[in-house]
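# Survey of secondary and tertiary structure
Below, each chain spelled out in residue letters.
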Amino acid sequence: MKHALPPALWLIILIAGLPLLSETVYTPSLPDIAHALSISESWVEYTLTIYLFGFALGTLIWGKLSDRWGRKSCLIAGLSVYLMGCLGCYLSDSIFWLMVSRFIQAFGGSVGSVLGQAICRDAFHGPALGKVYASVGGALSIFPAIGPIIGGVIDQNFGWSAIFLFLIGFGSLVLGLIILSLPETHTAENRTHIPLKDTLIRMMGDRHVIGYGLLVAAANGMMFSYFAEGPFFMIELQKLTPSQYGFTFIGLALAMLCSGLIGRKLHDSHNSRTILNYGLITTLLGSLMLLGAVSAPLNRDLVIGGSILAMMAISGGTIMVASNALSVSLVDYKKCIGTASSLFGFFYYTLISFFTLGMGYLHNRTLLIMPLYFCGIAAFMVVINKTLLGQKT
């Protein structure tokens, strides 16, 4: 079997980062979208849920196709679909067409997530793979964190629909770089036809795959729930402007970046499961801190400051959990990694969409509901780690 030529790490980060940016860049404009389209706040939060459903379906398709046709050609096809979805979002004048376009955008954009992981697993092995995941995970955390900063500035100055013009430009840039610079990491000599059914049956009986998938889903579900609920938590209830809310993500970006760097350093002396435990503890403490910030008799500025610090802890913890769970989840599926990545991605992205759906359903225009929801998710993660993975937190 030939080993693939390692692609540039920065290009993997751009490929996997584009869909993450698309998930969050428009979140500061959610209140404006609700007003512009004359819909309820819960309905506009569901535009993130429908994005995640489309994303889950896309991960199921693109990984399987890439095992047969290669990673590069599937990336080109998927990003072309993504750009059509972005154009549809820009032209949407009703919640129905915005939902449809977000689904198309997500279906195409998901190719970057699932194949970014597959390319890493093609090109890196053993301890190097853990370090790459720590580096990529920390760098990728910048995309969902800077998304609200960019989106808040664009929304306040040009209106919410202009955000999708920005995504068309950025997506076109990434597509051009893939065409010009990405080597094919899954060469024809290495391609085999593994029936989807066989891989699915094997994974369904693997409690470690199920456990790690639940941890990835819960960690990301917590963050996406914040991306959906945060604008109302900070803008509607705490009276921040969209751009002020966007700039709060500088702290979250720094926390995520530091978490990635710390995780990479810890790999010199600790295994992935131990580092994952550190992430779980940090996430649980951050959730309790958030609950304390909104429950204590504090003035508005202290509540905002405490909430941001708590979200920094949650962000750093969830990055550590998700990146380490992803790095070890499919180590036994090298021969069918594209198909396995598809099924695994479909599993956890479907669950992420349900976590965000739950946040939208529970939305009641109070500060307390989101911290309580996050504490419940953090406790769920600890239980999964103990029962399915046999690890003490």
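The structure contained in this document is the topic of the report that follows. (Residues numbered from 1 in each chain as written. Predicted model: local features only at pLDDT ≥ 70, side-chain atom pairs only at ≥ 80, totals over all residues. Heavy atoms only, no water.)

## A word on the overall build of the chain
Applicable threshold: A helix here means a DSSP run of H or I that spans at least four residues, while a strand means a run of E at least two residues long, and both kinds are numbered starting from the N terminus. Type-normalised accessible area, obtained with a 1.4 Å probe on protein chains alone, sets the label of each residue: buried when under 20%, exposed when over 50%, and partly exposed for intermediate values. Residues count as neighbours in contact if any of their non-hydrogen atoms are within 4.5 Å of one another. The Shrake-Rupley method, run with a 1.4 Å probe sphere, supplies the accessible areas, and residue values consider only the shown protein chains as cover. We score Asp and Glu as negative and Lys and Arg as positive, and we do not count His or the chain ends. Note on charges: their place is set at NZ of Lys, CZ of Arg, CG of Asp or CD of Glu.
Each helix and strand in the chain was counted, giving 16 helices and zero strands. Projected onto the principal axes, the alpha-carbon positions of the chain cover approximately 60 × 50 × 35 Å. Relative to its 393 residues, the chain shows a buried fraction of 60%. Pairs at least 24 apart in sequence give 85% of the contacts found in the chain among residues at least 6 apart. Taken as a whole, the chain presents about 14,900 Å² of accessible surface, with 71% of it coming from carbon and sulfur. Within the chain, one finds 22 positive and 17 negative side-chain charges whose respective centroids are separated by 12 Å.

## A short note on the environment of L14
For L14, the position within the fold is in helix α1 (residues 9-24). Once residues lying within four places of it in the same chain are set aside, the contact partners of L14 are F143, F170, V174 and L177.

## Considering the packing of aromatic side chains
So the rule is basically this: Aromatic pairing here means that ring centres of Phe, Tyr or Trp (its six-membered ring) are within 6.5 Å. Orientation follows from the plane angle: under 30 degrees is stacked, over 60 is edge-to-face, and everything else is tilted. Consider the ring centre and the ring normal. A charge sits over the ring if Lys NZ or Arg CZ is within 6 Å of that centre and within 35 degrees of that normal.
Tallied over the entire structure, the rule returns 16 aromatic pairs. Ring geometry for Y51 and F55: centres 5.9 Å apart, planes at 35 degrees, overall tilted. Here Y51 and its partner F55 are both found in helix α3 (residues 41-69), four residues apart, which amounts to about one turn of the helix. Per residue, the accessibility class of Y51 equals that of F55, and both read buried. Residues F344 and Y348 carry aromatic rings whose centres are separated by 5.3 Å and whose planes lie at 75 degrees to one another, so their mutual orientation is edge-to-face. Note that F344 and Y348 are positioned in helix α15 (residues 337-362) at a spacing of four residues, about one turn of the helix. With respect to class, F344 is no different from Y348; both count as buried. One cation-aromatic arrangement involves R202 over Y333; the distance from NZ or CZ to the ring centre is 4.0 Å.

## A short note on helix α8 (residues 162-181)
The line we're drawing: Under the convention used throughout, the expected extent of a helix is 1.5 Å for every residue step, that is, one less than its residue count.
When the terminal C-alpha atoms of α8 are compared, their 29 Å separation across 20 residues agrees well with the 28 Å that a helix rising 1.5 Å per residue should span. By the burial criterion, the buried members of α8 are A162, I163, F164, L167, F170, G171, V174, L175 and I178. In this structure, the buried side of α8 is in contact with α1, α4 (71-91), α5 (95-123) and α7 (142-158).

## Points about the side chain of S272
The criterion, for reference: We call two N or O atoms a polar contact when they sit within 3.5 Å, provided that within protein one can donate a hydrogen and the other can accept it, with sequence-adjacent residues counted only if both atoms are side-chain atoms.
Inspection of the secondary structure puts S272 in helix α13 (residues 272-295). Of the polar contacts made by the side chain of S272, one reaches the side chain of S327; its length is 3.5 Å. With residues near it in sequence (within four places) discarded, S272 still touches H267, N324, S327 and V328.

## Overview of a nonpolar patch on the surface
This is how it is decided: Only residues above 30% relative accessible area that lack a salt bridge enter a patch, with like-charged residues linked at up to 9 Å and the nonpolar side chains Val, Leu, Ile, Met, Phe, Trp and Tyr linked at up to 5 Å. Only one rule defines a salt bridge in this text: a Lys or Arg side-chain nitrogen within 4 Å of an Asp or Glu carboxyl oxygen.
On the surface, a nonpolar cluster with roughly 430 Å² of combined accessible area is contributed by L57, I61, L65, W69 and F346. Looking at which element gives the most residues to the nonpolar patch, the answer is α3, with four residues. Residue position: F346 is located in helix α15.

## Quick look at the packing of α1 against α7
The criterion, for reference: Axis definition: a line fitted to C-alpha atoms, over the contacting stretch in the case of helices. Angles run 0 to 180 degrees between N-to-C directions. Reported orientations rely on four angle classes, namely roughly parallel under 35 degrees, roughly antiparallel over 145, roughly perpendicular from 65 to 115, and oblique for the rest. Less than a right angle of anticlockwise turn of the near helix away from the far helix marks a crossing as left-handed, whereas a clockwise turn marks it as right-handed.
Between α1 and α7, whose axes approach to 8 Å, the crossing angle comes to 40 degrees. Accordingly, the angle class assigned to the pair α1 and α7 is oblique. Two packed elements cross with a definite hand, and for α1 against α7 that hand is right-handed. Contacts between α1 and α7 involve I13, L14, G17, L20, L21 and T24 from the former and F143, P144, I146, G147 and P148 from the latter.

## Here we look at the side chain of D206
Secondary-structure assignment places D206 in the loop between α9 (196-204) and α10 (207-236). No salt bridge is formed by the buried D206, whose closest oppositely charged neighbour, R202, lies at an N-O distance of 5.9 Å. In this structure the side chain of D206 is engaged in a polar contact, spanning 3.0 Å, whose partner is the side chain of Y333.

## Points about the packing of α3 against α10
The packing of two helices is summarised by the inter-axis angle and the distance between the axes. The line we're drawing: Classification convention: Asp, Glu, Lys, Arg as charged; Ala, Val, Leu, Ile, Met, Phe, Trp, Tyr, Cys, Pro as nonpolar; all other residues, Gly among them, as polar.
As a packed pair, α3 and α10 sit with axes 9 Å apart at the nearest point and diverge in direction by 155 degrees. Classified by the angle their axes make, α3 and α10 are roughly antiparallel. Remark: the crossing between α3 and α10 carries right-handed chirality. Contacts between α3 and α10 involve E41, V44, E45, L48 and L52 on the former and, on the latter, F224, F227, A228, E229, F232 and E236. By residue class, the composition of the contact of α3 with α10 is seven nonpolar, no polar and four charged.

## Describing the nonpolar core
Soluble globular proteins tend to pack their nonpolar side chains together in the buried interior. So the rule is basically this: To qualify as a nonpolar core, a set must consist of buried Ala, Val, Leu, Ile, Met, Phe, Trp, Tyr and Cys residues joined through side-chain atoms within 4.5 Å.
Counting residues in each nonpolar core, the largest one holds 122 residues, and the members touching the most others are Y226, F374 and M381. Among the elements that make up this core, the one with the highest residue count is α10 (18 residues). The contact partners of Y226, leaving out residues within four places of it in the chain, are P231, M234, Y245, F249, L252, M311, M370 and F374.

## Quick look at unusual backbone geometry
For K239, which is not glycine, the phi torsion reads 65 degrees and is therefore positive. Here K239 is to be found in the loop between α10 and α11 (242-247). A positive phi angle is found at R365, which is not glycine, with a value near 60 degrees. Mapped onto the elements, R365 comes out in the loop between α15 and α16 (369-387). Residue R365 is classed as partly exposed on the basis of its relative accessible area, which comes to 43%.

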